[in-house]
Each structure stands twice: as C-alpha cells, then as structure tokens.
Amino acid sequence: EVQLVESGGGLVQAGGSLRLSCAASGFTFDDYAIGWFRQAPGKEREGVSCISSSDGSTYYADSVKGRFTISSDNAKNTVYLQMNSLKPEDTAVYYCAASVDPYYSGSYYLSMRGYGMDYWGKGTLVTVSS
C-alpha cells in the first residue's frame with residue numbers, strides 16, 4: 001500500500017521559514033516524480049515544486065523561485081520542501097503527490113497542477129501571518 005504523509009506545517013510570521021516533509025511508504029524511491037502542491041481558500045490547486053529521480057531535475061513555480069527548495073533523501077524515502085521568506089499569500093494546505101515510474105516529466109506535473117499524479121497525501125496546513 002502506497003502512502004504519503006506530510007508534516008511540518010504550522011503557523012509562522014511573514015519572513016519566517018518552515019520545512020515540510022513527505023514520508024513515503026509502499027514503494028522505493030527509484031523512478032519517480034514527487035511534487036508539492038497547494039490550495040488556498042477559494043482558489044484552485046496550484047503546483048509549487050517538483051523533483052524527478054531520473055535526472056534529479058527540480059522545478060518551481062515562479063511565485064516561489066528563490067524562496068523554496070525541494071530536495072529528496074532516497075534512503076529515507078522522504079522529500080522535503082524548505083520554505084524561506086514566507087509571505088501571507090503562501091498560506092494554503094500543502095499536499096505531497098507522487099507518480100511512480102512516471103510517464104511525464106516533473107515539469108509537466110507541476111504545470112498541470114498535479115493532474116496525473118498517482119498518489120496523494122492528506123495535506124498539511126501552512127499559515128503565514130502578516
């Protein structure tokens with residue numbers, strides 16, 4: 001059974017930092033694409049960042065470039081999202097999603113807001129106060 005469990009969300013002041021973790025079980029980090037997506041109240045889900053195991057490529061939404069960093073620890077089956085210089089507009093529920101043996105690139109999943117991803121976590125709430 002494949003499971004993705006997010007953690008690390010919480011309340012932080014603008015300008016602060018948080019690190020989100022996505023712990024995966026049920027598959028081995030071999031050939032995968034894992035992304036972070038978020039959904040704010042009243043808005044559609046949007047792609048935040050994605051990492052592909054095939055070449056280690058990372059992708060970011062323009063709104064978070066230079067502030068967020070995605071990384072993976074394959075030995076621990078965990079993907080991280082380091083979020084710095086947080087802004088109130090970053091407030092959202094953040095979801096981790098994975099495609100095992102992906103057909104598409106990580107950039108595709110990011111641009112398509114995660115459509116086509118096989119597995120999803122339940123999300124972790126990030127709230128940034130002004």
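So, here's what we can say about the structure.

1. A few points about the pairing of strand 9 (residues 92-100)
(1) Moving on: The sheet contact formed by strand 4 (residues 32-39) and strand 9 spans eight bridges and is antiparallel. Across the sheet, the residue bridging to tryptophan 36 is cysteine 96, located in strand 9.
(2) Moving on: Bridging between strand 9 and strand 11 (residues 124-129) involves three bridges; their strand directions are antiparallel. The partner of valine 93 across the bridge, within strand 11, is leucine 125.

2. Here we look at the side chain of serine 52
(1) Moving on: Relative to the elements of secondary structure, serine 52 occurs in strand 5 (residues 46-52).
(2) Moving on: Here glycine 106 takes part through its backbone nitrogen, which lies 3.1 Å from a polar atom of the side chain of serine 52.
(3) Moving on: Apart from residues lying up to four places away in sequence, serine 52 is in contact with Tyr32, Ala33, Ser57, Tyr59, Ser105 and Gly106.

3. Some points on the environment of serine 85
(1) Moving on: Inspection of the secondary structure puts serine 85 in the loop between strand 8 (78-83) and strand 9.
(2) Moving on: For the pair serine 85 and alanine 14, spaced 71 residues apart in the sequence, the C-alpha separation amounts to 6.9 Å.

4. Let's talk about the pattern of salt bridges
(1) Moving on: This structure, assessed with the given rule, holds four salt bridges.
(2) Moving on: With a closest N to O distance of 2.9 Å, glutamate 46 and arginine 38 form a salt bridge.
(3) Moving on: Here glutamate 46 falls in the partly exposed class, since its relative accessible area comes to 31%.
(4) Moving on: Its salt-bridge partner being arginine 67, residue aspartate 90 comes within 2.8 Å of it at the nearest N-O pair. Placement of aspartate 90 in the loop between strand 8 and strand 9 and of arginine 67 in the loop between strand 6 (58-60) and strand 7 (68-73) is noted, with a sequence separation of 23 residues between them. Of the two residues, aspartate 90 and arginine 67, both sit in the buried class.
(5) Moving on: The structure contains a network of salt bridges with shared partners spanning Arg38, Glu46, Arg67 and Asp90.

5. With respect to the sheet that holds strand 7
(1) Moving on: Pairing is antiparallel in the open sheet, where four strands are placed in the order 1-3-8-7. If you trace the sheet from one side to the other, it starts and ends with strand 1 (3-7) and strand 7, each paired once. Averaged over all adjacent pairs, the angle separating strand axes in this sheet is 15°, with direction ignored.

6. Details of the nonpolar core
(1) Moving on: With 28 residues, the main nonpolar core has Ile34, Trp36, Phe68, Val79, Leu81, Met83 and Tyr94 as its most contacted residues.
(2) Moving on: Among the elements of the structure, strand 3 (18-25), strand 4, strand 5, strand 7, strand 8, strand 9 and strand 11 are those that each provide at least two residues to this core.
(3) Moving on: Within the second largest apolar cluster, seven residues are counted, among which are Ala33, Ala97, Leu110 and Met117.

7. Re the packing of aromatic side chains
(1) Moving on: Tallied over the entire structure, the rule returns six aromatic pairs.
(2) Moving on: Between tyrosine 103 and tyrosine 104 the ring centres are 4.9 Å apart and the planes differ by 85°, which places this aromatic pair in the edge-to-face class.
(3) Moving on: Of the residues examined, tyrosine 104 reaches a relative accessible area of 39% and is grouped as partly exposed.
(4) Moving on: Judged by centre distance (4.1 Å) and plane angle (25°), the ring pair of tyrosine 104 and tyrosine 108 falls under stacked.
(5) Moving on: Within the aromatic cluster, the residues linked to one another by ring pairs are Tyr103, Tyr104, Tyr108 and Tyr109.

About the cut-offs
- Residues numbered from 1 in each chain as written.
- Predicted model: local features only at pLDDT ≥ 70, side-chain atom pairs only at ≥ 80, totals over all residues.
- Heavy atoms only, no water.
- Pairing = 2+ DSSP bridges.
- Helix = DSSP H or I, 4+ residues; strand = E, 2+ residues; numbered from the N terminus.
- Polar contact = N/O pair within 3.5 Å; in protein donor to acceptor, adjacent residues only side chain to side chain.
- Contact = heavy atoms within 4.5 Å.
- Salt bridge = Lys/Arg side-chain N within 4 Å of Asp/Glu carboxyl O.
- Buried < 20%, exposed > 50% of the residue type's maximum accessible area, 1.4 Å probe, protein only.
- Axes fitted to C-alpha atoms, helices over the stretch in contact; angles between N-to-C directions.
- Core = buried A, V, L, I, M, F, W, Y, C linked by side-chain atoms within 4.5 Å.
- Phe/Tyr/Trp six-rings, centres within 6.5 Å; stacked < 30°, edge-to-face > 60°.

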